[in-house]
Amino acid sequence: MAFYEQLPKLYPHSDVRHWFDGNEGMIHSTAFRNASLQGAYLIIAARALGLDAGPMSGFQAAKLDEAFFAGTTIKSNFLINLGYGDPSRLRARLPRLAFDDIARIA
């Protein structure tokens, strides 16, 4: 949750740390959004390498954070299991909504 402390290194164009100082809502929403995007990139990369990836939510994040990240500013967003699934037990891809059902080009 202290990602903004790294912004001078990661976003050297200007010092924007002040956008986040004391703004817990901005910190949380930015961290959650960017962590979700990075997780999606990890899943895409893993699948491109032939691994199966199973992202999961619905776990007790506070317990996981206490077990693995106590004393840090790190918080869990979701879990991903990675590996090679048993083809006889893997489910087919679930249905997806059509583009026109979820997006509009204006």
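Residues numbered from 1 in each chain as written. Predicted model: local features only at pLDDT ≥ 70, side-chain atom pairs only at ≥ 80, totals over all residues. Heavy atoms only, no water.

Student: Where do I start with the side chain of T30 in this structure?
Tutor: Here T30 lies in helix α2 (residues 24-48). Relative accessible area serves as the criterion here: at 11%, T30 is assigned to the buried category. Residues in contact with T30, not counting those within four places in the same chain, are F3 and F20. (Helix = DSSP H or I, 4+ residues; strand = E, 2+ residues; numbered from the N terminus. Buried < 20%, exposed > 50% of the residue type's maximum accessible area, 1.4 Å probe, protein only. Contact = heavy atoms within 4.5 Å.)

Student: Just to check I follow, could you spell out the nonpolar core for this structure?
Tutor: Side chains that are nonpolar tend, in soluble globular proteins, to be buried together. The biggest cluster of nonpolar side chains holds five residues, and these are Y4, L7, V16, F20 and I27. Every residue in contact with L7, bar those within four places of it in the chain, is listed here: P12, V16, R17 and F20. (Core = buried A, V, L, I, M, F, W, Y, C linked by side-chain atoms within 4.5 Å.)

Student: Any chance you could explain the pattern of salt bridges here in plain terms?
Tutor: Side-chain pairs of opposite charge can arise where the charged atoms are in close proximity. For the structure on display, the rule yields one salt bridge. One salt bridge in this structure joins R17 and D15, with 3.1 Å as the shortest N-O distance. The class for R17 is partly exposed, based on a relative accessible area of 28%. (Salt bridge = Lys/Arg side-chain N within 4 Å of Asp/Glu carboxyl O.)

Student: Just to check I follow, could you spell out the packing of aromatic side chains for this structure?
Tutor: The geometry of two aromatic rings is summed up by the distance between their centres and the angle between their planes. The full count for this structure, using the stated rule, is four aromatic pairs. Relative to Y4, the ring of F3 lies with its centre 5.8 Å away and its plane at 90°, an arrangement referred to as edge-to-face. Accessibility expressed as a relative area gives 26% for F3, which makes it partly exposed. Given a relative accessible area of 13%, Y4 falls into the buried group. Judged by centre distance (5.1 Å) and plane angle (80°), the ring pair of F3 and F20 falls under edge-to-face. Of this pair, F3 sits in the segment before α1 (7-10) while F20 sits in the loop between α1 and α2; the two residues are 17 residues apart in sequence, bridging distant segments of the chain. F20 sits in the buried class, given a relative accessible area of 5%. Cluster of aromatic residues (ring-pair linked, three or more members): F3, Y4 and F20. (Phe/Tyr/Trp six-rings, centres within 6.5 Å; stacked < 30°, edge-to-face > 60°.)

Bear in mind that shape data such as this cannot, by itself, settle questions of function.
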